[in-house]
Every structure is written in C-alpha cells, then in structure tokens.
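The residues making up each chain are set out below.
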Amino acid sequence: METGTSQREDHQQQAAARRRKELLEAADRVVLRDGPEASMNAIAAEAGITKPILYRHFGDKGGLYRALGVRHTDALLASLRNALDAPAPDRRGRVAATLDTYLAAIEARPQVYRFLMHPADRNQQQEQEQGFDVGHHSAPLLRRMGDELAKVIADRVELGPGGEEVARIWGHGIVGMMHAAGDWWLRERPCSRDRLVQHLTDLLWGRLALVDDRIGAPGF
C-alpha cells in the first residue's frame, strides 16, 4: 500500500513539475512579446487556463516573477561559466568574453531583461498596491550572480590573506558594474557592444592583471 501511495505521489509531483514548466514557457512567450507590460491575465490566456489556476501554481505575480527569475538566471549563469571555461588567449580575453556573454544575453532578449529588472510605468502603482515590488524581487537575482562570480574568483585566483573578502567584493562589484552599464547601454545604445566590452575590460584591468592563478585551478 505504501509503495502504491509513494508511486502516486511521485507521479503527481512529476505531473505538477511538467505543468509548471509548461506555464513558465507560456509566461516566457508573453514576456518576449509584452516585456514589462506582461500581465497575469495575458499569461493565463497564453497557457489556456484561468488566472485562478495560474495563482494556484505560483501564488501571485511575485511568485511567477521569482520562478522566471530563477529560470533565466540559471541559464545566464550557465552561459557565464561556459565563457569562463572556454579557451582564451589570455586572462584579459577571458574577462572580455565573460562581459560580452552577459551583454549578448540581455541584448538578445531585451524584453525578458526589462520584465525582470524594470516595472511597467503605467502599471507601477497598481503593482505596488498588490505588493509586487520589482526592485525587491530583482535584487536577489543580482546578489546570486555576485555570489557565483565571487566563488569563481576565490577558487581560481590567488589573492593572498583576506582573499575571500576581496573575491566577494570583486564578484559583487563586477556584477553591479555589468548590470548598471548594460542597463544604460541597452536603453541608449551609445556605442557598439564590442566597444562597451573593450571599455569595461579596460576598467577592470587593474589588480586582476597582476594576481596569479591558484595552483591546480582552471585559471581565470
């Protein structure tokens, strides 16, 4: 009896996970079309369900936002790790490739980026009244990226005494720089992506150019 119950529970969990994935894919399609204007009504319609069913899976727009944020942050972090691990002529080239990977990602899907990082102006007051604060939800995404980059730096670069603290400062500082510069660039397009990467790499190229890789680490 217990085995049968366990199998049913596993089946139900798998079905719920598949349904959740389908709903997130529907939400992605709406976000790609509408950007920050994407609404729960539109997402429910795209998925062929009613809004109460959507709420049943995610609770509210904040819950859906967090799920989409994790989905896209996971994908972006995987791309950044690939850039860090890809063959490069030197460390500067690897830094430039990593910066370019981030900027290419937000350039390729600007509506998704704007949905995750910016409220829709005409809905901002309404969303605040519903308890949905984009800044409150986007900050954890940036912190997660900063934590991930800090770990990569600490694992790969020999920073000496106090190195863990330095790595955390560098990780969050680099993510903050990428986010601020990328946000401005995506809005105004004052230069090519290549030029932006070049200038940001120049800005980073201080102490990072001088420190050694950790012995036995894959290099940075």
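Above this text is the structure in question.
First, a word on scope: everything that follows refers to the structure included in this document.

Basis of the calculations
- Residues numbered from 1 in each chain as written.
- Predicted model: local features only at pLDDT ≥ 70, side-chain atom pairs only at ≥ 80, totals over all residues.
- Heavy atoms only, no water.
- Helix = DSSP H or I, 4+ residues; strand = E, 2+ residues; numbered from the N terminus.
- Buried < 20%, exposed > 50% of the residue type's maximum accessible area, 1.4 Å probe, protein only.
- Contact = heavy atoms within 4.5 Å.
- Areas by Shrake-Rupley, 256 points an atom, 1.4 Å probe, with all protein chains shown as cover.
- Axes fitted to C-alpha atoms, helices over the stretch in contact; angles between N-to-C directions.
- Parallel < 35°, antiparallel > 145°, perpendicular 65-115°, else oblique.
- Left-handed = near helix turned anticlockwise from the far one by under 90°.
- Nonpolar A, V, L, I, M, F, W, Y, C, P; charged D, E, K, R; others polar.
- Salt bridge = Lys/Arg side-chain N within 4 Å of Asp/Glu carboxyl O.
- Phe/Tyr/Trp six-rings, centres within 6.5 Å; stacked < 30°, edge-to-face > 60°.

Things to note about the overall build of the protein chain
Part 1 of the argument: Secondary structure summary: the protein chain contains 10 helices and two strands in total.
Part 2 of the argument: Going residue by residue from the N terminus, the α and β elements of the protein chain occur as α-α-α-α-α-α-α-α-β-α-α-β.
Part 3 of the argument: For the protein chain, buried positions account for 40% of its 220 residues.
Part 4 of the argument: Of all intrachain contacts in the protein chain linking residues separated by at least 6 positions in sequence, the fraction that spans at least 24 positions is 71%.
Part 5 of the argument: Summed over its atoms, the accessible surface of the protein chain is roughly 12,300 Å², and 51% of this surface lies on carbon and sulfur atoms.

Regarding the packing of helix H4 (residues 61–85) against helix H5 (residues 91–108)
Part 1 of the argument: With their axes 8 Å apart at the nearest point, H4 and H5 run at an angle of 155° to one another. Taken together, H4 and H5 sit at an angle that is classed as roughly antiparallel. The crossing of H4 and H5 is right-handed. Two secondary-structure elements touch here, H4 through Leu76, Ser79, Leu80, Ala83 and Leu84 and H5 through Arg94, Ala97, Thr98, Thr101, Tyr102 and Ala105.

A look at the packing of H5 against helix H10 (residues 193–204)
Part 1 of the argument: In the contact formed by H5 and H10, the axes pass within 9 Å of each other and the chain directions differ by 135°. For the element pair H5 / H10, the angle class is oblique. Once H5 is placed against H10, the crossing between them reads as right-handed. Residues Arg92, Val95, Ala96, Leu99, Asp100, Leu103, Ala104 and Glu107 of H5 form the contact with H10, whose participating residues are Arg193, Asp194, Leu196, Val197, Gln198, Leu200, Thr201, Asp202 and Leu204.
Part 2 of the argument: Among the residues forming the contact of H5 with H10, the class breakdown is nine nonpolar, two polar and six charged.

A look at the pattern of salt bridges
Part 1 of the argument: Per the stated rule, a full pass over the model turns up 16 salt bridges.
Part 2 of the argument: Note that Glu46 and Arg33 form a salt bridge whose closest N and O atoms lie 4.0 Å from each other. Linking Glu46 in helix H2 (residues 40–47) with Arg33 in helix H1 (residues 2–34), this pair joins segments that are 13 residues apart in sequence.
Part 3 of the argument: It is possible to trace a salt-bridge network through shared partners that takes in Arg29, Arg33, Asp34 and Glu46.

Looking at the packing of aromatic side chains
Part 1 of the argument: Under the definition given, this model contains one aromatic pair.
Part 2 of the argument: Summarising the aromatic geometry, the rings of Tyr65 and Phe115 are spaced 5.9 Å apart at their centres and angled 40° between planes, so their arrangement reads as tilted. Taken as a pair, Tyr65 in helix H4 and Phe115 in helix H6 (residues 110–117) lie far apart in primary sequence, 50 residues in all. In this pair, the class of Tyr65 matches that of Phe115, namely buried.

All quantities given are derived from atomic positions and should not be read as evidence of function.
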